[in-house]
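Per-entry structural report
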Amino acid sequence: MDRLHLLFLLSLSAASSAVATRPSKPHALIQTVIKDRFTNLYFTSIDIGTNITVSLSLVIDLSQPYTWLDCFSGYSSSSYTPIDFDSAKCKLNNPTSPLNVPKPDWVVCSSAGAEVKPGCHDHPCGINPYNPVDNTSRAGSLSEDVMFFYSIPDGLSFGSRFKSPPVTFACVGRRSFEGFPSEAQGLLSLSRNALSLPSQLSSKFALCLPSTTEDSGFGDLFIGGGPYFFPPLREDASSLFTTVSLITDKSSDEYFFEVKSIEIDGSWLPLENSILSKLSTVTPFTVLPRSIYERFVKEFRAKAKAKKMVEAETMVSPFEVCYRVKKGFKMEDVPLIDLTVGNSGGRWRIYGWNSMVVVKKEGVVCLAFVEGGGDGEEMMVIGGYQMEDNLVSLLLFEDITLLVLVLDQLKQTGVLKLTFRDGSSSFA
């Protein structure tokens, strides 16, 4: 049976605090997104540099201010340019004194001679890139180089290879990738910051995370605009948009919004106040505040029991509730979870495929929501699993910050595919 997929088009328009103008580029661009089977992180491979162009696998992240990558493992480019400590671009990023920035790889830098080696500079723009997976920071330096992407000018087929203008990123050493997939060589920033990749190339991007690992399916990252067409839907999906206000926090580069209510199979979960929420591709499963989590699980259990779902005695960390997979079990029969987002009543419906994790070796499915810590932070973090097989579209550099949410069911197998049509697929 075809799997029922939820199309969740989340469009955010975020004002950038550091950039006042929009780039103008010729075509929409596309990147394949892969899910790592061991870490459940999502990554894409980007070609960087000239006269030697290398392909680097970068973990996708929605929170960090800039992209950072390993500049010392085979990356040697004639178009590479270090950013000097005294430059205007460096001053925007609270740099570390160049005297306090160690060379991440003395062997590479000492052998460079007069040649400019990536990551090697006498007066670097020192910064401290942060790894959101292991919560550590490393010394690094800002740099620039060109990147290459495939365009989709007609929305139906690959066009020419697009060479970007110089893109700013941070060079780091080899020890910065704890918790990353084995092939990862850095982090790709898709945040609100002016130095994120989309902010430097366009005013909009769309992300579709895959629910399957690289041996059976892929997702997509689109840098550029719509319209959006999803077979069998024949109309432009943007006509289904619902507008919801975002919370703009200039001290953060992340995407925040409010969850006004939670409903499980038609029953409202009592909430004293709205829940501050954000999106995260490096948090595997949605995290609920401790004050809400127990009531959420209690209500889900009641609804699941009414649907004849049988709880399993087996416990699978980090989940609290698991159910036996009986003959005839279908994800479509799992209780529906509805999040009401923003003041206009926009609703994000979460079906079984995004609310339950299949644990094959135990023969169970588990509720893919976890309890937040007791540090007093009342925040809901929408994790990568709940974003899979959904399209998240973000608009940058607008004066008004908006969240646009669309819900629809499409019978598809694999990640929903996006097609750009007409001349409106160009960058804006």
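Here is a short report on the structure shown in this document. Numbering of residues begins from 1 in every chain and follows the order in which that chain's sequence is written. Thresholds applied to this predicted model are a pLDDT of at least 70 for local features of residues and 80 or more for the giving and counting of side-chain atom pairs; totals over whole chains, interfaces and linings are not thresholded and use all residues. Side-chain calculation: all heavy atoms of the structure are included, whereas hydrogens and water are not.

Some remarks on the overall build of the protein
Helix and strand definitions follow DSSP, with helices as H or I runs of at least four residues and strands as E runs of at least two, each counted in order from the N terminus. Check the secondary structure of the protein and you find six helices and 30 strands. Buried residues are those whose accessible area, probed at 1.4 Å on protein chains only, stays under 20% of the maximum for their type, while exposed residues exceed 50% and partly exposed ones sit between those limits. The 428 residues of the protein split such that 56% are buried. A separation threshold of at least 6 residues defines the contact pool for the protein, and within that pool the share at least 24 residues apart is 75%. Each accessible area value is a Shrake-Rupley result obtained with a 1.4 Å probe; residue values ignore everything except the protein chains displayed when judging cover. Working note: accessible area of the protein is about 18,300 Å², and carbon and sulfur atoms make up 50% of it. Contacts are assigned to residue pairs that have any heavy atoms within 4.5 Å of one another.

Description of the state of the cysteines
Joining two cysteines, a disulfide is a covalent bond between their sulfur atoms. Throughout, a disulfide means two cysteine sulfur atoms within 2.5 Å of one another. Counted under the stated rule, the structure contains three disulfides. The residue that forms a disulfide with C71 is C171, at a sulfur-sulfur distance of 1.9 Å. Judged by the sign of its S-S torsion, about -80°, the bond between C71 and C171 is left-handed. Of the two residues, C71 sits in the loop between β5 (68-70) and β6 (81-82) while C171 sits in strand β13 (residues 167-172), which places them 100 residues apart along the sequence. The residues C71 and C171 share a single accessibility class, namely buried.

Structural notes on the environment of F222
By the secondary structure assignment, F222 is in strand β16 (residues 219-223). For the pair formed by F222 and T32, sequence separation is 190 residues and the distance between their alpha carbons is 8.9 Å.

What to know about helix α4 (residues 290-306)
Counted at 1.5 Å a residue, the expected span for α4 with its 17 residues is 24 Å, and the 25 Å between its end C-alpha atoms agrees. By the burial criterion, the buried members of α4 are I292, Y293, F296, V297, F300 and A304. For α4, the angular spread of the buried residues around the axis is 130°, confining them to a single face. Away from its buried face, by an angle of more than 90 degrees, α4 presents the exposed residues E294, K298, K305 and A306. At the C-terminal side of α4, K308 shows a positive phi close to 65°. To estimate how far a helix should extend, the number of its residues minus one is multiplied by 1.5 Å. Starting at the helix axis, one direction is taken to each C-beta atom, and the arc is that of these directions.

Some thoughts on the packing of aromatic side chains
Only rings of Phe, Tyr and Trp enter the pairing, Trp through its six-membered ring, and a pair is recorded when the two centres are within 6.5 Å. The plane angle decides the type: under 30 degrees is stacked, over 60 is edge-to-face, the rest tilted. Taken as a whole and assessed by the stated rule, the structure comprises nine aromatic pairs. Ring plane angle 75° and centroid distance 4.9 Å describe the contact between F285 and F319, whose orientation is recorded as edge-to-face. Of this pair, F285 sits in the loop between β20 (275-279) and β21 (286-288) while F319 is found in the loop between α4 and β22 (322-324), placing the two residues 34 residues apart along the sequence. In terms of burial, F285 and F319 fall into one category: buried. The structure contains a cluster of three or more aromatic residues connected by ring pairs, namely W68, F177 and F180.

Thoughts on the side chain of D70
Tracing the backbone through its elements, the reader meets D70 in strand β5. According to the relative accessible area criterion, D70 is buried, its value standing at 7%. Among the polar contacts made by the side chain of D70, one reaches the side chain of S73 at a distance of 2.6 Å. Apart from residues lying up to four places away in sequence, D70 is in contact with L56, Y75, V172, G173, R174, F177 and Q185. Two N or O atoms count as a polar contact when they lie within 3.5 Å, although within protein this holds only if one can serve as hydrogen donor and the other as acceptor, and sequence-adjacent residues are included solely when both atoms are side-chain atoms.

Regarding the sheet that holds strand β26 (residues 364-367)
By way of backbone hydrogen bonds, the strands of a sheet pair with one another, either parallel or antiparallel. Pairing within the open sheet is antiparallel, and its three strands lie in the order β22-β26-β25. Each edge of the sheet is formed by a strand with only one pairing partner; in this case those strands are β22 and β25 (356-359). On average, adjacent strands in this sheet sit at an angle of 30° to one another, irrespective of strand direction. Pairing between two strands is assigned when DSSP locates at least 2 bridges connecting them. Relative to β26, β25 runs antiparallel, the two sharing four bridges. When the sheet's bridge partners are listed, V358 is paired in β26 with V365. To obtain an axis, a line is fitted to C-alpha atoms, over the contacting stretch when the element is a helix, and the angle between two such axes runs from 0 to 180 degrees between their N-to-C directions.

A few points about the environment of G49
Secondary-structure assignment places G49 in the loop between β3 (42-48) and β4 (54-61). Between the C-alpha atom of G49 and that of E144, which follows or precedes it by 95 residues, the distance is 9.5 Å. The contact partners of G49, leaving out residues within four places of it in the chain, are S77, S79, D145, V146 and F148.

Description of the nonpolar core
As used in this record, nonpolar core signifies buried Ala, Val, Leu, Ile, Met, Phe, Trp, Tyr and Cys residues forming a set joined through side-chain atoms within 4.5 Å. Formed by 67 residues in total, the largest nonpolar core has its most connected members in F296 and L339. It is α4 that provides the largest number of residues to this core, a total of six residues. Discounting chain neighbours no more than four positions away, the residues touching F296 are I262, I264, L269, L288, I337, L367 and F369. Counting residues in hydrophobic clusters, the runner-up holds 18 residues, among them V59, W68, C125 and L142.

Let's talk about the environment of F148
Within the fold, F148 resides in strand β11 (residues 147-151). Overall, the relative accessible area of 11% leaves F148 in the buried class. Taking the C-alpha atoms as reference points, F148 and D47, separated by 101 residues in sequence, lie 5.3 Å from one another.

Considerations on the pairing of β11
A regular strand carries its side chains on alternate faces of the sheet. The buried fraction of β11 is high, at four of five residues. By the bridge criterion, two bridges tie strand β2 (residues 29-35) to β11 in an arrangement that is antiparallel. When the bridges of β11 are listed, I30 appears paired with Y150. As judged from the two bridges shared by β3 and β11, these two strands associate in the antiparallel manner. By the bridge assignment for β11, D47 is matched with F148.

Describing unusual backbone geometry
A cis amide bond links S317 to the next residue, P318, at an omega of 5°. Within the chain, N40 stands out as a residue other than glycine whose phi angle is a positive 60°. Counting through the fold element by element, N40 comes out in the loop between β2 and β3. A relative accessible area of 29% means that N40 is categorised as partly exposed. Although it is not a glycine, D389 sits at a positive phi angle of roughly 55°. When you line up the elements, D389 lands in the loop between α6 (384-387) and β29 (391-396).

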